[in-house]
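Residues per chain are reported as follows:
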Amino acid sequence: MINVSNIEEVLTKIPGIQAAKAVVEDEEIVELHVVADDEKLPKQIVRDIETVLFASLGIKIDRKVISIAQLNSKIESSKVLPYRLEKLDVKDEGKNIKVSVEIVHGQEKMSGEFSGPKTSRNIPIVIGNAVLNALENIHDFVISVDDIAEVSLAGKNFLITHLTKEYKNVEESIIGAAPIEKDKNTAIAESVLDAFRRL
């Protein structure tokens, strides 16, 4: 039987973790909320949590249920680190385009690439898949870029992205949006990233 108090007590012994709250249903951890300092990257904190729970209590946890909020080293304020588009490069390769992106999450940098036919309808899909490829190691979902559309609202132009997330044979629609400010390609990438933040 899973003991919530034991889980929370063990986790708060991990260096850097200051508080933990677990939600258990049917002998499975369905939510795990952790407050930690900013000395480690979120991915390392997740690894520590997985290792400690399995080694100490024999519990295997799905990393998608772990939510981490980090405090700065002086404990002045709390923050949930955003995923931010740092770099976008679209290279014309004749019939195809090759897209490279770099996404920053705290001190962590993630890179992704994708190539495909250079048609007006396919270019947004290629850009979207490059973004998702950069993020593929931090989630366990199946995600597809289904459609990207330009809309005008309140006198401004936006790009709207539709993603489909599949997990345990259940599909869910995720919508993201971004204003067209610098250029359309950047707005496409930002809208996909906005949708990913909502997963």
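Look a little higher up for the structure.
Residues numbered from 1 in each chain as written. Predicted model: local features only at pLDDT ≥ 70, side-chain atom pairs only at ≥ 80, totals over all residues. Heavy atoms only, no water.

Student: Looking at this structure, how should I read the overall build of the protein?
Tutor: The helix and strand inventory of the protein stands at four helices and 10 strands. Reading the protein from its N end, one meets helices and strands in the order α-β-β-α-β-β-β-β-β-α-β-β-β-α. Its C-alpha atoms give the protein principal-axis dimensions of about 55 × 40 × 35 Å. Buried positions account for 39% of the 199 residues belonging to the protein. The contacts in the protein between residues at least 6 apart in sequence include a share of 42% that link residues at least 24 apart. (Helix = DSSP H or I, 4+ residues; strand = E, 2+ residues; numbered from the N terminus. Buried < 20%, exposed > 50% of the residue type's maximum accessible area, 1.4 Å probe, protein only. Contact = heavy atoms within 4.5 Å.)

Student: Help me out: how do you make sense of the sheet that holds strand β10 (residues 170-179) in this one?
Tutor: Each strand in a sheet pairs with its neighbour through backbone hydrogen bonds, running either in the same direction (parallel) or in the opposite one (antiparallel). With antiparallel pairing, three strands are arranged side by side in an open sheet as β8-β9-β10. The open sheet has two edge strands with one neighbour each: β8 (142-153) and β10. The average angle at which neighbouring strand axes cross in this sheet is 20 degrees, direction not considered. (Pairing = 2+ DSSP bridges. Axes fitted to C-alpha atoms, helices over the stretch in contact; angles between N-to-C directions.)

Student: Mind showing me how you'd approach unusual backbone geometry here?
Tutor: For residues besides glycine, phi is generally negative; the peptide bonds are generally trans as well. In this structure, D26 takes a positive phi of about 50 degrees despite not being glycine. Along the polypeptide, D26 turns up in the loop between β1 (17-25) and β2 (28-37). Residue N169 is not a glycine yet carries a positive backbone phi of 65 degrees. Considering the arrangement of structural elements, one finds N169 in the loop between β9 (156-167) and β10.

Student: Teacher, can you tell me more about the pattern of salt bridges here?
Tutor: For side chains of opposite charge, pairing can occur when their charged atoms come near one another. Counted by the stated rule, this structure contains 14 salt bridges. Linking K109 and E102 is a salt bridge whose minimum nitrogen-to-oxygen distance equals 3.9 Å. Residue R197 pairs with D194 through a salt bridge whose shortest N-O separation is 3.9 Å. Of this pair, R197 and D194 both sit in helix α4 (residues 184-197), separated by three residues, roughly a single helical turn. Residue R197 is classed as partly exposed on the basis of its relative accessible area of 38%. (Salt bridge = Lys/Arg side-chain N within 4 Å of Asp/Glu carboxyl O.)

Student: Mind showing me how you'd approach the sheet that holds strand β7 (residues 108-117) here?
Tutor: Taken together, the three strands give an open sheet; going across it, the order is β5-β6-β7, and neighbouring strands pair in antiparallel fashion. The open sheet terminates on both sides in strands that have one partner only, identified here as β5 (83-93) and β7. Looking at each pair of strands side by side, their axes are set apart by 15 degrees on average, direction ignored. Strand direction decides the pairing type here: strand β6 (residues 96-105) and β7, joined by 10 bridges, are antiparallel. Among the inter-strand pairings, K98 is bridged to a residue of β7, identified as S115. In the packing of helix α3 (residues 123-135) onto the sheet, the strands contacted are β5, β6 and β7, and the crossing angle to β7 comes to about 150 degrees.

Student: Can you help me understand helix α2 (residues 42-57) in this one?
Tutor: Here α2 is 16 residues long and its end C-alpha atoms lie 22 Å apart, about the 22 Å a rise of 1.5 Å per residue gives. Listed as buried for α2 are P42, I45, V46, D48, I49 and L53. The buried residues of α2 occupy an angular sector of 160 degrees when projected down its axis, which confines them to one face. The exposed residues of α2 that point more than 90 degrees off its buried face are T51 and A55. Buried residues along α2 sit in contact with α1 (4-11), β1, β2, β3 (66-71) and β6. Note on α2: the residue one or two positions beyond its end, G58, has a positive phi of about 70 degrees. (Expected span 1.5 Å × (residues − 1). Arc of directions from axis to C-beta.)

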